[in-house]
Amino acid sequence: MSKSGEVVILDCWASPFCVRVKIALNEKGIEYENREENLFGGKSELLLKSNPIHQKVPVLLHHGKSLAESTIIVDYIDQTWTSPPLLPSSPYDVAQARFWADFIDKKVFDAGRNIWSGQGEAVEVAKKEFIEILKQLEELALADKPFFGGDSFGYVDILAIALTSWFYTFEQYGGFKVEDHCPKLSAWIKRCYQRDTVSKVSPDPVKIYEFAAMLRKMQGIE
Ligand code: GS8
């Protein structure tokens, strides 16, 4: 267990990237303090100082030292607190996990964002792309395994499950259900949410939907 103040997350409740860090720390049984950033009304000096390049959350502060980028932070957490391991043990399996982590990072959330932030035909295109990406994940990465890495919940599961509290928003704006296209992935989502480490830090999908509606208004989309 970590003493108070040792581990701090510069956080935003709706950020799927912050959720990744919280799940990883929960899996390791590490206590942390989360400091909510106001991303629209002025970021804290600490955030600007800790992540001067991107000025984004999450930032992890460990004994005052800062780290940015959620996949890198989850990696750091896995190397710092080694039990239970999140990444597999063989170099080949680690490489595979990193391949899918990279795929998820480059594809899933951006495709989803194009659904909720789009209009007209662009939404249809984004929806098709999003479903195609999920099908690739389902067929080629998850297949018939309970979790991406096999029998136990791990690195790729954390990176992917954290994005799913936004799926309801994508579904509402896109007019589709993930479950109708990707039954195995839907079963995996339910399996992951049975874990306390996931459910207790995952934002309410309806609140995310309301948040996305607010962002659309702010961006003048209607
Ligand atoms: C993405 C972080 C990010 O987009 C990661 O950590 O994995 N690749 C990074 N953070 C957003 C909030 S979630 O959409 C953020 O901090 N945005 C503030 C800004 O862009 O100014």
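Below or above, wherever it landed, is the structure these notes cover. Everything numeric here is computed off the predicted structure, so don't read it as measured data.

## Details of the pattern of salt bridges
Under the counting rule described, the total for this entry stands at twelve salt bridges. Linking Glu 124 and Lys 127 is a salt bridge whose minimum nitrogen-to-oxygen distance equals 3.7 Å. Taken together, the positions of Glu 124 and Lys 127, both in helix α5 (residues 121-142) and three residues apart, correspond to about one turn of that helix. Among the residues examined, Glu 124 registers a relative accessible area of 30% and is labelled partly exposed. Measuring nitrogen to oxygen at the nearest pair gives 3.1 Å for the salt bridge that ties Lys 190 to Glu 179. Linking Lys 190 in helix α9 (residues 183-193) with Glu 179 in helix α8 (residues 178-181), this pair joins segments that are eleven residues apart in sequence.

## Describing the packing of aromatic side chains
Following the criterion strictly, the structure yields 17 aromatic pairs and no others. Consider the rings of Phe 99 and Trp 100, whose centres lie 5.0 Å apart with planes at 90°: the pair is edge-to-face. Note on Trp 100: relative accessible area 13%, which makes it buried. Between Phe 130 and Phe 170, the aromatic rings sit 5.2 Å apart at their centres with planes inclined by 75°, giving edge-to-face as the arrangement. Of the two residues, Phe 130 is situated in helix α5 and Phe 170 in helix α7 (residues 167-174); the sequence distance between them amounts to 40 residues. With respect to burial, Phe 130 and Phe 170 carry one shared label: buried. Three or more aromatic residues joined by ring pairs form one cluster here, namely Trp 13, Phe 17, Phe 40, Phe 109, Trp 116, Phe 130, Trp 166, Phe 167, Phe 170, Phe 176 and Phe 211.

## Some remarks on the pairing of strand β1 (residues 7-11)
Burial runs high along β1: five of the five residues are buried. With burial as the criterion, each face of β1 is covered, one bearing Val 7, Ile 9 and Asp 11 and the other bearing Val 8 and Leu 10. Inspection of the sheet shows β1 paired to strand β3 (residues 59-62) by four bridges, in the antiparallel sense. Its bridge partner lying in β3, Val 7 is registered against His 62. Bridge analysis of β1 against strand β2 (residues 33-36) gives four bridges, and the strand direction is parallel. The residue of β2 that forms the bridge with Val 8 is Glu 33.

## Focus: the site of the ligand
Near the ligand you find Ser 15, Phe 17, Leu 39, Lys 43, Lys 56, Val 57, Pro 58, Glu 69 and Ser 70, and these make up its full shell. The contact in question runs from an oxygen atom of the ligand to an N or O atom on the side chain of Lys 43, over 2.5 Å. Between the ligand and Val 57, the relevant distance is 2.8 Å, taken from a nitrogen atom to a main-chain nitrogen or oxygen of the residue. When the ligand sits alone it has 530 Å² of accessible area, and the protein chains cover 74% of it. Residues of the shell around the ligand, tallied by class, amount to four nonpolar, two polar and three charged.

## Points about a nonpolar patch on the surface
A grouping of Phe 40, Met 214 and Met 218 is seen on the molecular surface, where their side chains present a nonpolar patch of about 310 Å² in accessible area. Phe 40 sits in the partly exposed class, given a relative accessible area of 48%.

## Digging into the nonpolar core
Judged by nonpolar contacts, the single largest core of 72 residues is most densely connected at Phe 130 and Trp 188. Of all the elements, helix α4 (residues 91-116) adds the most residues to this core, at eleven residues. Built from parts of two domains, this core gets at least three residues from each of domain 1 (7-80) and domain 2 (91-218).

Each value, and the rule that gives it
- Residues numbered from 1 in each chain as written.
- Predicted model: local features only at pLDDT ≥ 70, side-chain atom pairs only at ≥ 80, totals over all residues.
- Heavy atoms only, no water.
- Salt bridge = Lys/Arg side-chain N within 4 Å of Asp/Glu carboxyl O.
- Helix = DSSP H or I, 4+ residues; strand = E, 2+ residues; numbered from the N terminus.
- Buried < 20%, exposed > 50% of the residue type's maximum accessible area, 1.4 Å probe, protein only.
- Phe/Tyr/Trp six-rings, centres within 6.5 Å; stacked < 30°, edge-to-face > 60°.
- Pairing = 2+ DSSP bridges.
- Near = heavy atom within 4 Å.
- Polar contact = N/O pair within 3.5 Å; in protein donor to acceptor, adjacent residues only side chain to side chain.
- Areas by Shrake-Rupley, 256 points an atom, 1.4 Å probe, with all protein chains shown as cover.
- Nonpolar A, V, L, I, M, F, W, Y, C, P; charged D, E, K, R; others polar.
- Patch = residues over 30% accessible without salt bridge, like charges linked within 9 Å, V, L, I, M, F, W, Y side chains within 5 Å.
- Core = buried A, V, L, I, M, F, W, Y, C linked by side-chain atoms within 4.5 Å.
- Domains from an automatic or database assignment.

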